[in-house]
Amino acid sequence: MTVWLRAVLLVLLATLATAGACLAEAGFVDEKETGKWSDSASKRLKEISADLQKWKDAPPAGERLSEAQSEVLKIRERAEQCVADFSAHLASVKERLAALGEPGEKAASEIQATQKKFEKDQQDIEQQLAVCRLTSIGARDLRNELTAQWQAMVSRQLLHHDKDIWETTTDVLVNGLSFDSTKKIGFEPWPALGAGALLLAILTPIALMLSRMLRGRFPMPDPETANPPQRSTILADLYSRRLPWLAVGLTVVVTLYLAGAAPLAAFGAALLISACVAPLIQLLVCQGKLNCAESVPARLLLDLVLVAGALVLMGAHDYLPGDAVPMLRALFLLALVGVAGWLMRKLYQRDDLSTLRSLRLPIGIALLAGPTADWLGYPNLGMFLTLGIYGTAVGVLLVWLGLSLIGHLFDSLKDSDAESQSALRKRLGYSRGEKVPGVGMLHWVVRIGALVGLGYWLLYAWQVSESDTALVRDVLHQGFQVGAVRIVPSKLILALLSFLVLLSLARWLRTQLGERWLTRTNLDSGARQSVVSLTSYAIVGIAIMLALSMAGLDFQNLAIVAGALSVGIGFGLQNIVNNFVSGLILLFERPVRPGDWVVVGQTQGYVRKVSIRYTLIQTFDRAEVLVPNSELISNQVTNLTLSDPFGRVIVPVGVAYGSDTRQVRDILQKVAREHPLTVLHDPRVSPPQVFFMDFGDSSLNFELRFFIRNIDYKLSAKSDALFAIDDAFREAGIEIPFPQRVVHRPAGEPVETKSESAQIPGKPGPAEKGDKEDEDT
C-alpha cells in the first residue's frame, strides 16, 4: 500500500510540474481572448465618449454618469492587467531568444525554426501590448473627462437654489398642505400580528430571565457605601433594565416589516439600535459614573442621527407630501442643532475636555453650516454638509467607543503587578507573570482596522463616489516613479503586514517550542534551545525574503551586492563584515538592548545604543565606551536585565554569640519584607530568605537574600536594609560584635595589654566599646 501511495504522489507531482511548465510557457495569457476583449473595449469606449459629448449639453441623471464611470474604470483595470500580463510574456520570450544567441546560417534547422517562432511571437505580443496600452490610456483620458463632468454636475446640484424655509412655511399656511406623495404606507395585519405575538411570547421570558441573571451576577452596591460600582456592574444594570423593552421593540419592528410598513420598521430599527448602544455611550461619556449631565444629549444626538440615516436609506421622502418634506427636514435640523449645542455646552464644562473651549467657534460654525444652508434654500448643499459633519462626528464617536471597549478588554488580558488577576485571565488559565502571546500585535491590528473602517465611513458620509477615489486607488496599486525605481504603496503595506505577521508567528512559536512543546520530549536543554533558535531564524529569514519579494525587489540586485561584498571581504574587510553580521545578530536576537545593565570584560554600565558596527555602553562614571559587536557575540557578556529587571540583594550580617538566632531571623525577614522594592508574590523568584551561614571567629554569621523589582536600585536597597537592620538590632538589644584575637606570650616575658582589634569603618573602636584582649600566661 505504501508503494502504491508513493507512486500516486509521484504521478501527481509530475503532473503538477508539467502543468506549471506549460502555464509558464504560455505566460498565463490567452491572446485570442485578449484580442476579442480589446476590440470590444475600444468600441465601448468610443460609445461612452460619444455619449459624453451629448451629456455636455444635456446632463444625464447621476446614476447614469456613475455607471459610465464604473464601466470605464473596470475597462482600465482590465487593460492594466493586460499590459502587465503581456509585459511578463514579452520578457519571457526575449529571455529565450537571448538564450538561443544570434541567428546564423550555420545554426541547426531546429534552432533557426525556434528562433523564427519566438521572433513571430515577440512581434505578436508587442502588437497586442500596444493595443492594451492604447486601451488603458484611452480609458484613463475618458475617465478624467467623466470625472470633470461629474464634478460639474455635483457643483450644479449643490448650488441649486430652491425656496427657503420661510417661503415654504408661508405657502403651507396660506394654501394648506397637499397630499401628493408618490408612495403609500401599507399595513397587512395578517400574518404579521400573529408572528409578532409569537415572537413576543418567546422573547419576553428570555429577556426577563437574562435581566434577572445580570442583576444576580452583577449586583449594584449599596448607595450608602463609599465604594463606587465597577464598569461591568453599571453596564449590567443598564442592560438589565432595557432588555424587556428591547424585546418589545424588536417585536414591533419585525411586525411592521412583515406587515409592509418598511419606513416605520426602519424608524423603529434605528431607535432599537440606539437603545442597544446607549448604555455604552453613557458609560464612556460619564467616565464610569452611573449618571451624568452629558449622557442625555449624547443619546438624543445618536437617536436623531440613526433615525435620519434609516429614513434616508429607506427613501421616506417618497411617502410624505412634497410640501411637508422641507418643513420636516427643517424641524429635524433645528432639533439636531439644538441637541448638538446642548451636548457641546455640557462638554465645555468638564475639566478633562478643556481644549474644546478654545474650539467653540469652529465647532459652532460646523454644526450650523448644514442647517443654515437648508434654511436659506440650498437643500442639496445643506444635506451634504449635515451628513458629512454629523456623520463624521458619529463615526468618530463610535470608533472611540469601540476602541475604548476593546482597550479595556486587552488591558484585562495584560499581566498586572496586583496579586489578584482579572477574571478574564483567570478564565483563560493564565497565572500571574505569564503573558498572553500576541495581545499587543492584535491590539494594533484592531486599531488599524478601526481606522480603515472609519475612513470608509467618512467616504460614505461625505458622499465620495467611486470615481473620485480612483486616483487614490491608482496611486496605491500602480505606484509612482522615483528615478529608476517604481514605488507601489499597496505592495509595501502588504509586505510590511506579512513581515509583522510572520515575525509575531516566530515569537509565538519560539515561546511555545521552548516552554511547552519541546519540554515534553527527551531532548536536553541545549538541543531544545538549538531547535528553538533555528526555527525562529528560519521563519524570520522566510519573512524577510517574502516581504522583499512582495515589495517587488529584484533579487538580481542582491546577487550583485553579495558579489561586491565577497570581493571586499577578500581585500581585508573581514573585521568590518564581522562587526556588521554581529550587529545584525544583535539587532534581531536582541541579547542586549538599550537600557540594559551589562558587564563586558572590565566594562560595566548601561547600553545606550546598538548599531550595526558597535554598541555604546555608558559606565557609571558617565564615560562612553564603544564595544565592537563581534566582542559581544564571541565573548562572555553578563546582562543583568535581559529577561526581567529583577535582581538579588545579599546582605551579610554578624551577631554576637549568645544572641537569639530565631529573633535575628525574624528581624531580617521583617526588614526585607517591609522594603518597598522587595518582590514578595512572584512565581519567578523566591521570597526573602535568611540563611544561618556559619559560626565565625567572633560572631554568628547570617545572610539576608531578597529580590527587588529593579536591579538599578541594588545599592540603595542594600543601604536601606543595613540602616533598618541597625535600627532593629538596637531596639531589640542584639549586639554586632567586633573581631577579637587572642595573643599567646612565652613564659618570662612581661605582661602587656595590647588591642589587636581591627577598626571597622563606621563602627566604634575597641576602646569605645571597652573590649579587652584576653591574656594567656
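Residues numbered from 1 in each chain as written. Predicted model: local features only at pLDDT ≥ 70, side-chain atom pairs only at ≥ 80, totals over all residues. Heavy atoms only, no water.

Draft legend 1. Structural context of the side chain of T619. Mapping T619 onto the fold places it in strand β5 (residues 614-619). Taking the relative accessible area as the measure of exposure, T619 reaches 16% and is therefore buried. Beyond its immediate chain neighbours, meaning those up to four positions away, T619 contacts T603, Q604, G605 and V625. (Helix = DSSP H or I, 4+ residues; strand = E, 2+ residues; numbered from the N terminus. Buried < 20%, exposed > 50% of the residue type's maximum accessible area, 1.4 Å probe, protein only. Contact = heavy atoms within 4.5 Å.)

Draft legend 2. Focus on the nonpolar core. Formed by 31 residues in total, the largest nonpolar core has its most connected members in I281, L301, L336, L343, M344, Y390 and L401. At the level of secondary structure, the elements contributing two or more residues to this core comprise α7 (231-259), α8 (262-285), α9 (295-314), α10 (324-348) and α12 (379-413). When residues in this core are grouped by element, the largest group, nine residues, is from α10. Not counting residues up to four positions away in its chain, the partners in contact with L343 are E294, P297, A298 and L301. Judged by nonpolar contacts, the second largest core, of 20 residues, contains L668, A672, V690 and F706. (Core = buried A, V, L, I, M, F, W, Y, C linked by side-chain atoms within 4.5 Å.)

Draft legend 3. Local environment of a nonpolar patch on the surface. Nonpolar side chains collect at one region of the surface, where Y537, F580, V581, L584, I585, L587, F588, I612 and I633 lie side by side and expose about 720 Å² of accessible area between them. Considering each element in turn, the nonpolar patch owes the most residues, six residues, to helix α19 (residues 574-589). With respect to the helices and strands, the residue V581 is situated in helix α19. (Patch = residues over 30% accessible without salt bridge, like charges linked within 9 Å, V, L, I, M, F, W, Y side chains within 5 Å. Areas by Shrake-Rupley, 256 points an atom, 1.4 Å probe, with all protein chains shown as cover. Salt bridge = Lys/Arg side-chain N within 4 Å of Asp/Glu carboxyl O.)

Draft legend 4. Here's a closer look at the state of the cysteines. Scanning the model with the defined rule gives one disulfide in all. The side chain of C82 participates in a disulfide bridge whose partner is C132; the two sulfur atoms lie 1.9 Å from each other. Here C82 is found in helix α3 (residues 62-100), whereas its partner C132 is found in helix α4 (residues 109-158), with 50 residues between them in sequence. No difference in accessibility class separates C82 from C132, as the two residues are buried. (Disulfide = S-S within 2.5 Å.)

Draft legend 5. A look at the side chain of S295. Inspection of the secondary structure assignment puts S295 in helix α9. A distance of 2.9 Å separates a polar side-chain atom of S295 from the backbone oxygen of C292. Sequence-distant contacts of S295, defined by excluding residues within four places in its chain, comprise Q282, V285 and C286. (Polar contact = N/O pair within 3.5 Å; in protein donor to acceptor, adjacent residues only side chain to side chain.)

Draft legend 6. Structural context of the confidence of the model for the protein. For the protein, the mean per-residue pLDDT works out to 78, and 80% of the residues sit at or above 70. Per-residue pLDDT, averaged within each element of the protein, yields its smallest value for helix α1 (residues 2-26) (39) and its largest for strand β10 (residues 700-708) (94). The low-confidence segment residues 1-29, where pLDDT is below 50, has ten contacts with residues more than four positions distant or belonging to other chains. When the criterion is pLDDT under 50, residues 754-777 qualifies, and its contacts beyond four places in sequence or with other chains add up to 35 contacts. (pLDDT = per-residue confidence, 0-100.)

Draft legend 7. Just the sheet that holds strand β9 (residues 689-695), in detail. Ordered in space as β8-β10-β9, the three strands form an open sheet in which the pairing is antiparallel. With one partner strand each, in any of the chains shown, β8 (647-655) and β9 form the two edges of the open sheet. Taking the axes of each pair of neighbouring strands and ignoring which way they run, one obtains an average angle of 20° across the sheet. Here nine bridges tie β8 to β10, and the two strands are oriented antiparallel to one another. The residue of β10 that forms the bridge with R648 is F707. Relative to the sheet, helix α21 (residues 661-674) contacts β8, β9 and β10, its axis offset from that of β10 by approximately 20°. (Pairing = 2+ DSSP bridges. Axes fitted to C-alpha atoms, helices over the stretch in contact; angles between N-to-C directions.)

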